[in-house]
Structures are given as structure tokens and as C-alpha cells.
Amino acid sequence: MRSKQNWVKAATGLKQGSLLDIGCGTGAFLHYMKQLNWDVTGLEPDDTARSNAKTLYGIEPLPSSELFHLPAQQYDAITMWHVLEHVHSLHDYLRQIRTLLKPEGALIIAVPNYTSPDAEHYKELWAAYDVPRHLYHFSPSSMEELLKQHKIRIVRKHPMVFDGFYVSLLSEKYKTGGNGLIKGFWNGFRSYRKGLKNVDRCSSVVYECKAD
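Residues numbered from 1 in each chain as written. Predicted model: local features only at pLDDT ≥ 70, side-chain atom pairs only at ≥ 80, totals over all residues. Heavy atoms only, no water.

*Asks:* Is there a simple way to explain the overall build of the protein chain in this structure?
*Replies:* Broken down by element type, the protein chain carries eight helices and six strands. Secondary structure elements of the protein chain, listed N to C terminal, follow the sequence α-β-α-β-α-β-α-β-α-α-β-α-α-β. Relative to a compact globule of 212 residues, whose C-alpha radius of gyration would be 17 Å, the protein chain shows 17 Å and is just as compact. Each of the three principal axes of the protein chain carries a C-alpha extent, and together these read 50 × 40 × 30 Å. Residues counted as buried form 46% of the 212 residues belonging to the protein chain. A total of about 10800 Å² of accessible surface is found on the protein chain, and carbon and sulfur atoms cover 51% of it. For the protein chain, the centre of its 26 positive side-chain charges and the centre of its 22 negative side-chain charges are spaced 7 Å apart. (Helix = DSSP H or I, 4+ residues; strand = E, 2+ residues; numbered from the N terminus. Rg over C-alpha atoms; globule rule 2.2 N^0.38 Å. Buried < 20%, exposed > 50% of the residue type's maximum accessible area, 1.4 Å probe, protein only. Areas by Shrake-Rupley, 256 points an atom, 1.4 Å probe, with all protein chains shown as cover. Lys, Arg positive; Asp, Glu negative; His and termini not counted. Charge placed at Lys NZ, Arg CZ, Asp CG, Glu CD.)

*Asks:* Where do I start with the side chain of Ser 64 in this structure?
*Replies:* By secondary structure assignment, the location of Ser 64 is in the loop between α3 (47-57) and β3 (75-81). With a relative accessible area of 14%, Ser 64 lands in the buried category. Apart from the residues lying within four places of it in its own chain, the contact partners of Ser 64 are Leu 43, Glu 44, Pro 45 and Tyr 93. (Contact = heavy atoms within 4.5 Å.)

*Asks:* Even after reading the chapter, I still don't get the nonpolar core, so can you show me in this structure?
*Replies:* Across soluble globular proteins, nonpolar side chains show a tendency to be buried alongside one another. The biggest cluster of nonpolar side chains holds 31 residues, and the ones touching the most others in it are Leu 20, Ile 22, Ile 78 and Leu 84. Here this core gets five residues from one element, more than from any other, and that element is helix α4 (residues 90-100). Once residues lying within four places of it in the same chain are set aside, the contact partners of Ile 78 are Leu 20, Ile 22, Ile 97, Leu 100, Leu 101, Ala 106, Leu 107 and Ile 108. Counting residues in each nonpolar core, the second largest holds 18 residues, with Trp 7, Val 8, Trp 81 and Ile 108 among its members. (Core = buried A, V, L, I, M, F, W, Y, C linked by side-chain atoms within 4.5 Å.)

*Asks:* Could you clarify how one ought to interpret helix α6 (residues 140-148) in this entry?
*Replies:* For an α-helix, the turn length of 3.6 residues means that residues three or four places apart are oriented alike. Looking only at α6, the buried set comprises Pro 140, Met 143, Leu 146 and Leu 147. Buried positions in α6, seen along its axis, are confined to an arc of 125° and lie on one side of it. Exposed side of α6, more than 90 degrees from the buried face: Ser 141 and Lys 148 are the residues found there. Tucked into the core, α6 has its buried residues touching α4, β4 (101-112), β5 (152-159) and β6 (204-211). (Arc of directions from axis to C-beta.)

*Asks:* Quick question: what am I supposed to make of the sheet that holds β3 here?
*Replies:* In sheet architecture, strand pairing relies on hydrogen bonds along the backbone and comes in two forms, parallel and antiparallel. Strand order in the open sheet formed by six strands is β2-β1-β3-β4-β6-β5, and the pairing between neighbours is mixed. Since the sheet does not close on itself, it has two edges, and those belong to β2 (39-43) and β5, each with one partner. This sheet shows a mean twist of 20° between the axes of neighbouring strands, independent of strand direction. One ladder, built from seven bridges, connects β5 with β6; its direction is antiparallel. Paired with His 158 across the bridge in β6 is Val 206. Packing against the sheet, helix α1 (residues 2-12) makes contact with β3, β4, β5 and β6, and its axis sits at approximately 140° to β3. (Pairing = 2+ DSSP bridges. Axes fitted to C-alpha atoms, helices over the stretch in contact; angles between N-to-C directions.)

Structural data, given as C-alpha cells:
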């Protein structure tokens, strides 16, 4: 949570503001930010997750369809943590997200990177392909091109370096049918090292974006 909060703070330059988290799940990140005096709104498609958010944190996320009924230029930050790859209507979502951002607001998107070393190693068994739940797969260059179509520019990229460990461990399990703990950890470590040197090689990438 602290890393996510730091990315939001760095992207917006704000200690407090208005935040929309799309695909907020049970609301843990929203709760964390609310504790820091952010005004938070969550969108979540799953009924059970929304109910759990209310039970656990007293937060009441809206159904995802409400994205298209929120007021324009409302949010200092909009976040999507491993959500964009699940979205059916990419262009509709991005078009609407751009209208919801304040003029100096920031969009933060985290997605798996299918050009990472762990993806290259495991090929079709790479766990982050997660078919059929993941509808789209992104590389840094394809993400840049997609966002450019909506007049959104990438300001900087951040590595989610530890994702490589989790994805490699799960991929090794798919590959061997067993735990594969040592091989999975080693491949995760290799991906981690390369991601530290070059964010475009990281297993998952966080894109910090602004509207042009």
C-alpha cells in the first residue's frame, strides 16, 4: 500500500486530494488512502467484493458501470491496479477516464508486461496471460500507443519488481504441475534483476500518466 500511495503522491504532487480507484476489490487501498485524508471513490464490478468493502472498511464502492455517470474533472488521481487488462471496452474507458481527471490530475495504470524476461521464459505458460480473464496484453510500446490515441501521455514508468517472483512461481507450477519453488524463485530473481536495470523489462509496469 505504501508504494501505491507514494506513486500517487509523486504523480499528483499532493498529500491529500480526490481519488478514484477503478477495480477497487474489497477496498483495502481506498481504506489506506482514506486514512491519509484522501476523498476516495471506488468502482468494482463484483457484488461480493463491494459488500466486503463495506463490511471490512465502511467503504461503499459503486458498480463499474457508474464510471460513465461520474462528474467531469472531479479527480486528482485515478488508479487502475491490474485492471485495464480485464476491461472489455478499452477505448470507452480511457475516453471517459480522461474526462474525469482534473486538468493537472494523474492516471496511474499497473499492468503485466508480456515482453518481460519471465514472459519470454515461460511463453504460453506465463501465468500473467491468465486467459480468459485477461482480455488484453500490453508492452510498454503498445501502452504508449494506446494512451496516445486518447491524448494521454506517459510521464514516467515504475517497476513492480516483486511481481516477477509471484508470476514466475505460479508459471513454474503450471509448467511442472508441482511446486517448482526453487526454479520459480530463480526465474523470478532473474526477472527482478533485469527489471531493476530497465523498467521496460519488468514483469509488471506502473505507468504514471497525464492528459495532454
